[in-house]
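# Structural characterization, general
As a plain string of letters, each chain reads:
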Amino acid sequence: MGFRCGIVGLPNVGKSTIFNALTAAAIDAENYPFCTIEPNVGIVPVPDERLDKLAELVHTRNKVATQMEFVDIAGLVKGASKGEGLGNQFLGHIRQVDAILHVVRCFEDDNIIHVGGSVDPLRDMEVIATELIIADLDTVERRLAKTRNQAKSGDKKIIAQVAFLEQLRDILDSGRPARAAAPEDANHRELLRELCLLTDKPVLYVANVSEDDLVRGNKFVDQLTGVAEKEGSYVVTISGNIEQELSQLSREEQAEFLADMGMAEPGLNRLIRAGYQLLDLITFFTVGEKETKAWTIKKGTRAPGAAGKIHSDFERGFIRAEVIAYADYIQCGSEAKAKEKGLMRSEGKEYVVRDGDCILFRFNV
């Protein structure tokens, strides 16, 4: 699995249309609030031309891309945390995701109802952010009450947890996200991970625009980008309608359609690339005639950790990693020729895997 994204947004901003296009899941995408009743889950292969080229080079029998999972829940509205609308019922379904994909309406269309009465990206962003904060505040307050009871035992670790939870509660109560806590203590970081708070997750904004504004953008996209940059996040501009059209075309027809639109690639590719950048993810490859496969890891992962992505035995019995850089592999045309030219490196436990590395792990258990 590459990474998991939970899709949030107000009703009628194009969440389900974009989900439908990205996953080709053919779910309902009607023009009325709360069309999405049950959470929808879609898994798509991550496009990577490097994988394609490696698989073609070695004539592999099985090519396996890494994957991205989308979880789409009902549209959130103001007051969702207090029972308004339906979205809050499903926030639990996105507590385990790696990142939040926040779809924001950046197009005007009198034929599509806006629950706020007008198009205003900044207002819409604030509504969603507030509802996520309130949901997290409820989670923290319940955990705090439980931990205070446990602290009566006098356990210093639990007492310290109470102090951290109180700090976290105050941060959320002030309208700031949980990621603002940034605890230095390892035990507090573990507690924060355990809570699975929605506002502790990085946010990637998707500006849903009309076909006419896809290339140049508009004032709404500019507003959204300004806020995202201050947060250290990214905005990917997508036209849900165009992506839906693309999802119904063959690869050849897609290329022709994109060329006519003046676009180099579908929005899904740009979205995934931005997600990898936001989460500091990279890809390494295992290459062979039987199978060529892409694997996703965090930037900075050492060789044994990367081996563990394949199987826990690989990490436990790690001996060494035999590494060929992607560019060298393509230039040489095979593992054997790369080895002949001295371009296959033998790396130990401290080696930090690089994006595009083609690796053969040696292990013994």
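Before reading on, note that the structure itself is shown above.
Fair warning: this is a prediction, and the values are worked out from it, not measured in the lab.

A few words on the packing of aromatic side chains. Tallied over the full model, the rule gives six aromatic pairs. Centroid distance F3 to Y276: 5.3 Å. Interplanar angle 70 degrees. Geometry classified as edge-to-face. One end of the pair, F3, is in strand β1 (residues 3-8); the other, Y276, is in helix α9 (residues 267-279), with 273 residues separating them in the sequence. For F3, a relative accessible area of 1% gives the class buried. Put simply, the rings of F284, W295, F318 and F361 touch in pairs and so form one group of aromatic residues.

This next bit is on the sheet that holds β1. Spatially, the six strands line up as an open sheet ordered β2-β4-β1-β5-β6-β7, and their pairing is mixed. At either end of the open sheet lies a strand with only one pairing partner, and these are β2 (40-45) and β7 (234-238). Direction aside, neighbouring strands of the sheet carry axes that sit 25 degrees apart on average. Where strand β5 (residues 99-105) and strand β6 (residues 203-208) come together, six bridges link them in parallel fashion. In the sheet register, V104 faces β6, and the bridge partner there is A207. Running over the sheet, α9 touches β1, β2, β4 (67-72), β5, β6 and β7 and is turned about 175 degrees from β7.

Our next topic: the pattern of salt bridges. Taken as a whole and judged by the stated rule, the model has 18 salt bridges. When the shortest N-O distance is used, the salt bridge between R50 and D48 registers 2.9 Å. Neither R50 nor D48 differs from the other in exposure class; each is buried. In this structure, D313 engages R316 in a salt bridge whose closest nitrogen and oxygen atoms are separated by 2.6 Å. Taken as a pair, D313 and R316 lie in helix α11 (residues 312-316) at a separation of three residues, close to a single helical turn. Residue classification places R316 among the exposed residues on the basis of a relative accessible area of 63%.

Reading the values: the criteria
- Residues numbered from 1 in each chain as written.
- Predicted model: local features only at pLDDT ≥ 70, side-chain atom pairs only at ≥ 80, totals over all residues.
- Heavy atoms only, no water.
- Phe/Tyr/Trp six-rings, centres within 6.5 Å; stacked < 30°, edge-to-face > 60°.
- Helix = DSSP H or I, 4+ residues; strand = E, 2+ residues; numbered from the N terminus.
- Buried < 20%, exposed > 50% of the residue type's maximum accessible area, 1.4 Å probe, protein only.
- Pairing = 2+ DSSP bridges.
- Axes fitted to C-alpha atoms, helices over the stretch in contact; angles between N-to-C directions.
- Contact = heavy atoms within 4.5 Å.
- Salt bridge = Lys/Arg side-chain N within 4 Å of Asp/Glu carboxyl O.

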